[in-house]
2 protein chains.
Amino acid sequence: MKEFFEVMDIEAVLELAARFRTTDVEAVALQEAPGRVLADDFKAPADIPGFDRATMDGYAVQATATFGAGEGSPAYLTIVGSVGMGQRPDFTVGPGQAARIATGGMLPPGADSVVMVEHAEVLDATTIEVYKSVAPGQHVVTRDEDAAQDHLLLGAGCLLRAQEIGLLAACGVSRINAYKQPRVGILSTGDEVVPVENEPLPGQVRDVNTHTLSALVRRAGGIPMCYGIVPDRYEPLLAACTRAVSETDMVLVSGGSSVGTRDLTMEVLDRLARSHILVHGVSISPGKPTILAQCSQKPFWGLPGHVTSAMVVFIVLVQPFLAQLAGQRPTRSVRTRARLARNLASTQGRTDYVRVRLVNKAGEQWAEPILGASGLIRTMVQADGLLAIDLNCEGLERGAEVDVILFE
Amino acid sequence: MKEFFEVMDIEAVLELAARFRTTDVEAVALQEAPGRVLADDFKAPADIPGFDRATMDGYAVQATATFGAGEGSPAYLTIVGSVGMGQRPDFTVGPGQAARIATGGMLPPGADSVVMVEHAEVLDATTIEVYKSVAPGQHVVTRDEDAAQDHLLLGAGCLLRAQEIGLLAACGVSRINAYKQPRVGILSTGDEVVPVENEPLPGQVRDVNTHTLSALVRRAGGIPMCYGIVPDRYEPLLAACTRAVSETDMVLVSGGSSVGTRDLTMEVLDRLARSHILVHGVSISPGKPTILAQCSQKPFWGLPGHVTSAMVVFIVLVQPFLAQLAGQRPTRSVRTRARLARNLASTQGRTDYVRVRLVNKAGEQWAEPILGASGLIRTMVQADGLLAIDLNCEGLERGAEVDVILFE
């Protein structure tokens, strides 16, 4: 049946992500929310900080009273009170008056600015000399400067970093609605694959992919659910895939770089309930024999068996689908610029992802390609990121400026 | 007492990290190990993959038998067997012979390369024609190509990403020794600070710093332990700090941007058992009033109260200390190049950290400074990273190429 499929390019595959629904929404305590995705738009419930606040230690004043003040011609102001931290001042600052205030204190009515303590001198219990003028609003944060009531602060789909958590805390939010973390089923196939705990016989290798993909899923905010190693036979593979599809939000079957296993995965996909194949082959290297199907409304990936190929496909293709399931607004992968340390040939008609190590030489960042077959995990261990060589590019020359997608 | 201290520059503060000991070591299951730090050097216990392996579907051959083969002059080879996946072949491939093999299969003795299935044609049950020559080693991964026995694969202090987990799995490791995740005690001070759940009265603000710092600690691989809001008074602050120092590996007291609170923190540090102050003031903006002490051999930070200042100090200074406690080899923060979107003035003698948003314009990446007081959390929400303006620099001009430290 594979003759009906044409190799698709990366962009076309990524567009398919929009077919899939996000996970359900659940309430999450703020302290558990870092790294989660906000499910609702969030508007400021009130002005934040809610009052005019000093940003320096000093004296709350009316700025006009300091205009023209300088070393030779200080302004004389009368102290009318002190602002207690966390207190609303019960007095007013008029023209020619001042109030002691500490950083974070609430400006008394009448005051519009703060003279820094370093720019004033205490003459007696009720008088200060000011040596430097201030402008209205200086050393003050106004009552709605962090957030104005009803203003949209965070959109649905926002990934919550430390600062978004802080903003929610400032607004008095201790529980949010977040999308559930997608559960990702991971299956390894291959008659040569044995569990990590086993001593492989000659011809056997340990199950590297389950562990690698599981770490990638977790890093990307998903919950890995491992279904172990499934033999390269129709019945057990169908049973394991059926179970994984019913219990998770997305399935990754890895293994099957050989034609036989690939055909087997296709056969199983053909029989799975409510399943149809969307992609069979992607113009990407490594990773060409990638399969994507929709099974019971869920994405189902057949990943290459070579660990490096599986990782590249995960980073470039699977992760954006995971973000879609998690309700996350599209974000660009983290990139850095570097200069290429050697010539690289490439085949037109496919996007090549080359593993590179970043090295600093004479203040410049260089990307050194790591050579080695895509079955070698050490090539990923030695690498800091991936360099993409475009579909229409025949290669890159030493010294070329390139974008490197950094591993997270 | 603060007159005895001089403002220190960032490099000098970072050098102090080496004074502090790493956390203890514990055994961790491989599936729990992503993001943890390896405590021991790791050498390959055996050759990996341990046998010569095909990387393509096709025929295992002696390369010499294909030399000179081409479309017009195929080489004729005799099939002497098939390699089963996960099996050790019980036959030998001699000159002029070939064996069917799938990707990942073990090369039979005698064979040194693999002819791709696309480059051969089956003539009858025992004969193939080969249309393209192969070189010795082609389409083969050799027995120690991923790792050679006793070779150092990962050094102590290595942060375990998905690929290091994969390498350990390939070597049969299902449990590792990792440094314990440092516990970080977080205290907020300030009489104006109320818990997030409370409705602040005029003059009060909610406890943003506990939540923000807690999220940063977690993201950096530590375990946040929150001690709540402590009043700005000597006895309760001493009691809370004493408890935090005894229960954690590092303490962060935030708040105290006002001179009074700073002095109070210094007084408490003076009285804490086995405590001495290392740093009082750093040439960094925002964040100058940062305090670092050593208490019972543990780092104790007095962070500025303004949330943005506290975050900048965390990213630039605290995080490297956390990495030191966690046994992690020094790593550089993730950076990207961009062009500055407007002129920026800076004061010589201190390193300025400016919050920036990254914007793509006409294929170029620009860094747009976010303006606003360091008490405003929204300035961090709008930012993608920090731009450092060096100690000796008076400012940067629009269009300058700059390095942006990306938020993780």
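Residues numbered from 1 in each chain as written. Chains lettered and ligands numbered in written order. Predicted model: local features only at pLDDT ≥ 70, side-chain atom pairs only at ≥ 80, totals over all residues. Heavy atoms only, no water.

In this section: the overall build of chain A. Of the regular secondary structure elements, chain A holds seven helices and 28 strands. The C-alpha radius of gyration computed for chain A amounts to 31 Å, which surpasses the reference 22 Å derived for 408 residues by more than 25%, pointing to a less compact arrangement than a globule. The principal-axis extent of the C-alpha atoms belonging to chain A is close to 90 × 50 × 40 Å. A buried classification covers 56% of the 408 residues belonging to chain A. Contacts in chain A between residues far apart in sequence, at least 24 positions, make up 73% of those at least 6 positions apart. Entry remark: accessible area of chain A is about 17100 Å², with carbon and sulfur atoms responsible for 48%. Looking at chain A, you have 36 positive and 47 negative side-chain charges, and the mean spots of the two groups are 6 Å apart. (Helix = DSSP H or I, 4+ residues; strand = E, 2+ residues; numbered from the N terminus. Rg over C-alpha atoms; globule rule 2.2 N^0.38 Å. Buried < 20%, exposed > 50% of the residue type's maximum accessible area, 1.4 Å probe, protein only. Contact = heavy atoms within 4.5 Å. Areas by Shrake-Rupley, 256 points an atom, 1.4 Å probe, with all protein chains shown as cover. Lys, Arg positive; Asp, Glu negative; His and termini not counted. Charge placed at Lys NZ, Arg CZ, Asp CG, Glu CD.)

A few words on the side chain of Asp249(A). Residue and element names in this part refer to chain A. Along the chain, the position of Asp249 falls in the loop between helix 4 (234–247) and strand 17 (250–254). Among the polar contacts made by the side chain of Asp249, one reaches the main-chain amide nitrogen of Arg183 at a distance of 2.8 Å. In this view, Asp249 contacts Thr23, Gln181, Pro182, Arg183, Lys298, Pro299 and Leu325; residues no more than four positions away in its chain are not counted. (Polar contact = N/O pair within 3.5 Å; in protein donor to acceptor, adjacent residues only side chain to side chain.)

Quick look at the interface of chain B and chain A now. Counting residues at the interface gives 75 residues for chain B and 75 residues for chain A. Together, the buried faces of chain B and chain A total about 5900 Å²; carbon and sulfur atoms form 60% of this surface. Remark: the boundary between chain B and chain A carries four salt bridges. Elements that contribute at least two residues to the side of chain B that touches chain A include exactly helix 2 (162–170), strand 15 (205–206), helix 3 (208–219), strand 22 (335–340) and helix 7 (378–381) of chain B. Grouping the amino acids of the side of chain B that touches chain A by side-chain chemistry returns 34 nonpolar, 21 polar and 20 charged. (Buried area = accessible area lost by both parts, 1.4 Å probe. Salt bridge = Lys/Arg side-chain N within 4 Å of Asp/Glu carboxyl O. Nonpolar A, V, L, I, M, F, W, Y, C, P; charged D, E, K, R; others polar.)

Moving on to the sheet that holds strand 20 (residues 291–295) of chain B. All names here are of chain B. With mixed pairing, six strands are arranged side by side in an open sheet as 16-13-17-21-20-18. At either margin of the open sheet sits one strand with a lone partner, and together these are strand 16 (223–230) and strand 18 (275–280). The mean angle between the axes of side-by-side strands here comes to 20 degrees, regardless of whether they run parallel or antiparallel. The pairing of strand 17 (residues 250–254) with strand 21 (residues 298–303) spans four bridges and is classified as parallel. Bridging across to strand 21, Val251 finds its partner in Phe300. Across the sheet, helix 3 touches strand 13 (183–189), strand 16, strand 17 and strand 21, and the angle it forms with strand 13 is around 165 degrees. Where helix 6 (residues 307–325) meets the sheet, it contacts strand 13, strand 17, strand 20 and strand 21, and its direction lies at approximately 175 degrees from that of strand 21. (Pairing = 2+ DSSP bridges. Axes fitted to C-alpha atoms, helices over the stretch in contact; angles between N-to-C directions.)

This part is about the nonpolar core. Formed by 66 residues in total, the largest nonpolar core has its most connected members in Leu154(A), Leu160(A), Ile176(A), Leu252(B), Trp301(B) and Phe321(B). No other element matches the 13 residues that helix 6 of chain B contributes to this core. Among residues more than four places away in sequence, those in contact with Leu160(A) are Ala33(A), Pro34(A), Gly35(A), Arg36(A), Leu38(A), Leu154(A), Ile165(A), Leu168(A) and Ile176(A). By size, the runner-up hydrophobic cluster in this structure holds 65 residues, among which are Val313(A), Phe314(A), Val318(A) and Leu160(B). (Core = buried A, V, L, I, M, F, W, Y, C linked by side-chain atoms within 4.5 Å.)

Aligned on chain A, chain B shows an RMSD of 0.1 Å; the corresponding rotation is 180 degrees and the shift along the axis is 0.0 Å. The transformation relating the two chain copies, once decomposed into turn and shift, fits a two-fold axis. Within chain B, Thr336(B) has its C-alpha nearest the rotation axis, a separation of 2.2 Å. A shared binding surface is used by both copies, with 100% of the interface residues of chain B retained as interface residues in chain A. (Least-squares fit on C-alpha atoms with pLDDT ≥ 70 in both.)

Moving on, we get to the pairing of strand 22 (residues 335–340) of chain A. Note: strand 22 of chain A against strand 28 (residues 401–406) of chain A, five bridges, orientation antiparallel. Within the sheet, the bridge partner assigned to Ala338(A) lies in strand 28 of chain A and is Val402(A).

On to the confidence of the model for chain A. Overall, the predicted model of chain A reaches an average pLDDT of 94, with 98% of residues at or above 70. In the model output, the complex is listed with pTM 0.94 alongside ipTM 0.93. (pLDDT = per-residue confidence, 0-100.)

Further remarks concern the side chain of Arg206(B). With respect to the helices and strands, the residue Arg206(B) is situated in strand 15. At 2.9 Å, the side chain of Arg206(B) and the backbone oxygen of Ala170(A) are in polar contact. Separated by 2.9 Å, the side chain of Arg206(B) and the backbone oxygen of Asn198(B) make a polar contact.

Let's shift gears to the pairing of strand 21 of chain B. Residues and elements named next belong to chain B. For strand 21, the buried fraction is high: five of the six residues fall into the buried class. Where strand 20 lies against strand 21, five bridges are found, and the strand directions are antiparallel. The residue of strand 21 that forms the bridge with Leu292 is Trp301. Count of turn residues in the strand 20/strand 21 antiparallel hairpin: two residues, of which Ser296 carries a positive phi of about 50 degrees.

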